[in-house]
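Survey of secondary and tertiary structure
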Amino acid sequence: MEAGKIAVKTEVESPRDPAPLKAKGVDRSSRALMESYIGRIPQEQRVANVRRAWQELWWRASRYLQKEELMQVGDAFVFAAVSHGTQLRYNDDPYIVHSLGAASVLSDMQLDVQTLDAALLHDVLEDTAVTPEELRIKFGGDVMVLVDGVTKLGKIQFRTVEEYQAENLRKMFLVMAKDIRVVLIKLADRLHNMSTITGHKREKQIAIANETLEIYAPLAHRLGIYHIKRELEDMAFKVIDPETYYDIRRRVRKKLPESEMVIKKGMEILRERLAEESVEAEILGRPKHYYSIYEKMNRKNLSLEQIYDLLAMRVIVDTLSECYQVLGIVHTLWKPIPGQFDDYIANPKGNMYQSLHSTVVGPGGDPLEVQIRTREMHRMAEYGIAAHWQYKEKKGRGGDMSEIDKKLAWIRQALEGQGETSAPAEFLDNLKTDVLTAEVLVFTPQGKVISLPEGSTPIDFAYSVHTEVGHQCIGAMVHGKIVPMDYTLQNGDYVRILTSPQGKPSRDWLKIAKANRTRNKIKSYFRQIDRAEREEKIERGRELLDHEIQRRYPNEGRTIDSFTHLLSRVASDLGINGVEDLVVAIGTGHHTAHGVMMRADTLASKDSEVVSSAQKAARPTRESESAVVVEGADGVLVSLAMCCCPVPGDKITGCVTHTRGITIHRHDCPNAEKVERDKKVPVIWGIKKETRYTARIKVEANDRVGVFADLGTAISQTDGSIVNIRGTVVNGIRTRFVIELQVWDLEHLYRIIARINLIRGMIEITRD
């Protein structure tokens, strides 16, 4: 591109060039070889879109692969096409079109032939009869491992979507730790899926787009692959909130000409000055993508008219020294804005990003962001870890991997402690908080850069240095000044942790720490402390209880074990969870051994077991007057469970309790499923009464002004009344509500849900 020429892309498009092969300079012999593979695929797949996708991959791969490697890619293409046969995707394309699209994304990054082969073959193990051994024989062990690694991510059965997502990601990170190419294939797969997402039903589109925004776009960011991150974010944004997306796009297009004039004027001034200084540079205008505009508007509560950096100036030079030379020239031309300079060359981001960023008062007095980097830094900024992998490949398979290992240390950190964090939901939460989130870069006193989740405190810093430093922390200093423990660390802070051998964690730190890894280490410390203290209390409690038993029953040889049943009932009466906790309560002095044994003796002296709680709670009522009828029993106290909020019309189950008679649950309530079978009784709804019942629903919708008011109107218009409502905003674009409301019966509840579903931007409504 000509130096100084502005390049503005205002659409959310793939960077892949659709120009014909002839125009791209592919020679005749290469075209003939490419066409020969078309002749080897099944006749029904020789359609226009397959041919175009294959030509596109061939052109991109031929820019950097040797002829023998291109032939390997051709063999993988034919094998995948034959294996998938007549299979069609949800948009009625031959399945091979998707595989070609994913491989083309990877060829943009100039990845090795094994990665391209694996991308072409990434679905054959899951969707065809091909076996891993066949792949190994045909394409080698590397390709088989990559394909198998991607396949494992999608072949596991799970009970819930959340569990599937969490375990899927856990396995992905395990594979990533061994071969980063697996996740590159996964990102390429997701990027092509997003480009064809309109073939799905609306509900599926939203689910895929949400997962893309929450997981895959942040993952691309963490790997430094910004061009994929931008595309994923904009395509997902377009699906989730098309109204806002198109509004921003329309307004940006209207505002761009004005911004372009400012940028072009600045570029002309800078180009002339660089020519005077004999600095060769490529100067580009960088457009801000739509999702980043939307995020900035929400984060800073700005209107689009208040955002001045819709376009920024990017200067690309040849050497590191020229970066700082250009920075000096920029600052002599325009006044820098204080606090708006970042040196990511001296202090690279955790995802390997390097560049100089400075915001100046540009031509016309408007703020102008200038980014300065070398060509190598620019490639690293666009392709991240993929560019490092390519560099390693050029050095040879036996090359030094230590640099890449350092770049991928965060993957191993994401897997640390997963034995303790076995619950899928907790693992997913940890991943989103500690890995797939914005970061802050701070310094140790020795100048080492530490990357932490945005919002981290000195506690997080201390534990990231070393667990023992965290345990012994007694204070912190930032830039030489004492700061409170809940101080929010900022980019560029120099942090010193003050320690003492007598220092120890505080439970209050759990409220201060941002990173889940920090909280897990603090929890682990207190678990060990609590375990040791509990064992001491158990030993002390058993001694006191045993002494009391021997005093009451001398020469009878009785032990605590002979009173287990009675002690269990005593614990229940006292509201204590089991005999062991009762022993702990004695050891801590909350209860005396004398008092506990007196209760046990009282229970033992009764002629029979305590009358069942349901019978004790009986009261004279006529069956016809009861809202719920207990089959085979009259006059039993019943109550509706608040965990599942059953209403007339729901299938229900009765569960006998110790103090509340019989509690009525929905048939599918998880709490009811945990109750022992002998404590369940058959129940049915009685005669319908003019009584309202509490129901609880979860509502998820696109976040916008007025959605809360629309919910209230919809519920009131269908004769419902809101008892309680809680709402949260997720990722700045979705709102989740939990609503308790009063309804007459299940049919009435369904009418309310149907009315809510008509509200603009509604995503999902479920019973809680």
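So, here's what we can say about the structure. (Residues numbered from 1 in each chain as written. Predicted model: local features only at pLDDT ≥ 70, side-chain atom pairs only at ≥ 80, totals over all residues. Heavy atoms only, no water.)

**Thoughts on the overall build of the protein chain**
Convention followed: Each helix corresponds to a stretch of at least 4 residues labelled H or I by DSSP, and each strand to a stretch of at least 2 residues labelled E; elements are numbered beginning at the N terminus. Using a 1.4 Å probe on the protein chains alone, a residue whose accessible area is under 20% of its type maximum counts as buried, one over 50% counts as exposed, and one in between counts as partly exposed. Between two residues, a contact is recorded if the distance between any of their heavy atoms is within 4.5 Å. Each accessible area is a Shrake-Rupley estimate made with a 1.4 Å probe; only the visible protein chains count as cover when residues are assessed.
Counting its regular elements, the protein chain contains 31 helices and 20 strands. Expressed as a percentage of its 768 residues, the buried residues of the protein chain come to 49%. Pairs at least 24 residues apart make up 67% of the contacts formed inside the protein chain by residues separated by at least 6 positions. When the accessible surface of the protein chain is summed, it comes to about 37,700 Å², and 50% of that surface belongs to carbon and sulfur atoms.

**Focus: the packing of aromatic side chains**
What counts here: Each Phe, Tyr or Trp ring, with Trp reduced to its six-membered ring, pairs with another whose centre is within 6.5 Å; inter-plane angles below 30 degrees give stacked pairs, above 60 give edge-to-face pairs, and intermediate values give tilted ones. Counting as a charge over the ring demands two things of the Lys NZ or Arg CZ atom: a distance within 6 Å of the ring centre and an angle within 35 degrees of the ring normal.
Across all of its chains, the model carries 19 aromatic pairs by this definition. Summarising the aromatic geometry, the rings of F79 and F139 are spaced 5.4 Å apart at their centres and angled 80° between planes, so their arrangement reads as edge-to-face. You can see F79 sitting in helix α3 (residues 67–84) and its partner F139 sitting in helix α7 (residues 132–139), a full 60 residues away along the chain. On the basis of relative accessibility, which here comes to 19%, the residue F79 falls in the buried class. Here F443 and Y494 contribute two aromatic rings whose centre-to-centre distance is 4.7 Å and whose plane-to-plane angle is 15°, an arrangement assigned as stacked. Here the residue F443 occupies a position in strand β6 (residues 439–443), and Y494 occupies one in the loop between β9 (481–483) and β10 (495–499), the gap between them amounting to 51 residues. Of note, R63 hangs over the ring of W59, and the distance from its end group to the ring centre comes to 4.8 Å.

**So, the sheet that holds strand β15 (residues 680–681)**
Backbone hydrogen bonds are what pair the strands of a sheet, in a parallel or an antiparallel way. Selection criterion: The criterion for strand pairing is that DSSP finds at least two bridges linking the strands in question.
Read across the open sheet, the four strands follow the order β12-β14-β13-β15; overall the sheet is mixed. Among the strands making up the open sheet, the edge pair consists of β12 (638–640) and β15. Pairing of β12 with strand β14 (residues 662–666), which is carried by three bridges, proceeds in the parallel orientation. What sits directly across from V638, in β14, is I662.

**Some details on the pattern of salt bridges**
The condition that has to hold: Salt-bridge detection follows one rule: a side-chain nitrogen of Lys or Arg within 4 Å of a carboxyl oxygen of Asp or Glu.
Within this structure, the stated rule accounts for 31 salt bridges. Between E233 and K229 there is a salt bridge, with its nearest N and O atoms 3.2 Å apart. Taken as a pair, E233 and K229 lie in helix α12 (residues 226–240) at a separation of four residues, close to a single helical turn. E233 sits in the buried class, given a relative accessible area of 7%. Where R540 meets E543, a salt bridge forms, and the shortest distance between an N and an O atom there is 3.9 Å. Of this pair, R540 and E543 both sit in helix α24 (residues 516–552), three residues apart, roughly one helical turn. Because the salt bridges share partners, they merge into one network encompassing E56, R60, R63 and D108.

**Focus: the sheet that holds strand β18 (residues 721–730)**
Quick reminder of the rule: Fitting a line to C-alpha atoms yields each axis, with helices limited to the stretch in contact; the angle taken between N-to-C directions then spans 0 to 180 degrees.
Taken in spatial order, the four strands line up as β18-β19-β17-β20 in an open sheet, and their pairing is antiparallel. Edge positions in the sheet fall to β18 and β20 (762–767), since each of these pairs with one other strand and no more. Strand-to-strand twist of the sheet, defined as the mean angle between neighbouring strand axes without regard to direction, takes the value 20°. Lying over the sheet, helix α11 (residues 202–222) contacts β17 (693–702), β18, β19 (734–743) and β20, oriented at roughly 130° with respect to β19.

**Notes on a negative patch on the surface**
The cut-off we apply is this: Put simply, a patch holds well-exposed residues, over 30% relative accessible area, that have no salt bridge, with like charges counted together within 9 Å and Val, Leu, Ile, Met, Phe, Trp or Tyr side chains within 5 Å. Counted as positive: Lys and Arg. Counted as negative: Asp and Glu, with His and the chain ends omitted from the count. In plain terms, the charge of a residue is placed at NZ if it is Lys, CZ if Arg, CG if Asp and CD if Glu.
Residues E533, E535, E536 and E539 make up a contiguous surface patch of negative charge. Topologically, E536 is positioned in helix α24. On the basis of relative accessible area, E536 is assigned to the exposed category, the value being 56%.

**A word on the pairing of strand β1 (residues 282–287)**
Walk down a regular strand and you will see the side chains alternate between the two sheet faces. Taken across its six residues, β1 has five buried, putting it largely inside the fold. Bridge analysis of β1 against strand β2 (residues 311–317) gives six bridges, and the strand direction is antiparallel. Bridge pairing in β2 places P287 opposite L311.

**Some remarks on the nonpolar core**
Operational definition: Residues grouped as a nonpolar core are buried Ala, Val, Leu, Ile, Met, Phe, Trp, Tyr and Cys residues, joined through side-chain atoms within 4.5 Å.
Residues W54, F77, L121, L135 and V315 are the most contacted members of the largest nonpolar core, which totals 109 residues. Every residue in contact with W54, bar those within four places of it in the chain, is listed here: M34, Y37, I38, V73, G74, F77 and L100. Grouped together as the second largest cluster of nonpolar side chains are 28 residues, A695, I697, I753 and I765 included.

**Section: helix α26 (residues 579–588)**
Where α26 is concerned, the buried positions are L582, V583, V584, A585 and I586. Downstream of α26 by a residue or two, G589 has a phi angle that is positive, lying close to 90°.

**Topic: the environment of I41**
As for its position among the elements, I41 is in the loop between α1 (28–38) and α2 (48–62). Note on I41: relative accessible area 2%, which makes it buried. Between the C-alpha atoms of I41 and S83, which are 42 residues apart in sequence, the distance is 9.9 Å. Contact partners of I41, with chain neighbours within four places excluded, come to R46, V50, F77, V78 and A81.

**Some thoughts on the packing of helix α10 (residues 181–195) against α12**
The line we're drawing: By convention the crossing between two helices is left-handed if the near helix lies anticlockwise of the far one by an angle smaller than a right angle, and right-handed if it lies clockwise. Side-chain classes are defined by residue name, with Ala, Val, Leu, Ile, Met, Phe, Trp, Tyr, Cys and Pro counting as nonpolar, Asp, Glu, Lys and Arg as charged, and the others, Gly among them, as polar.
Contact pair α10 / α12: the axes reach a minimum separation of 10 Å and the direction vectors enclose 35°. You can see that α10 and α12 cross each other, and the crossing is left-handed. Residues L187, R190, L191, M194 and S195 of α10 form the contact with α12, whose participating residues are I228, E231, L232, M235 and A236. Residue composition of the contact of α10 with α12, by class: seven nonpolar, one polar and two charged.

**Structural notes on the packing of α10 against α11**
Close contact between α10 and α11 brings their axes to 11 Å; oriented N to C, the two are set at 140°. In this structure, α10 meets α11 at a crossing whose hand is left-handed. Where α10 approaches α11, its residues V183, K186, L187, R190 and M194 are matched on the opposing element by I208, A209, E211, T212, Y216, L219 and A220. Looking at side-chain class alone, the contact of α10 with α11 contains eight nonpolar, one polar and three charged residues.

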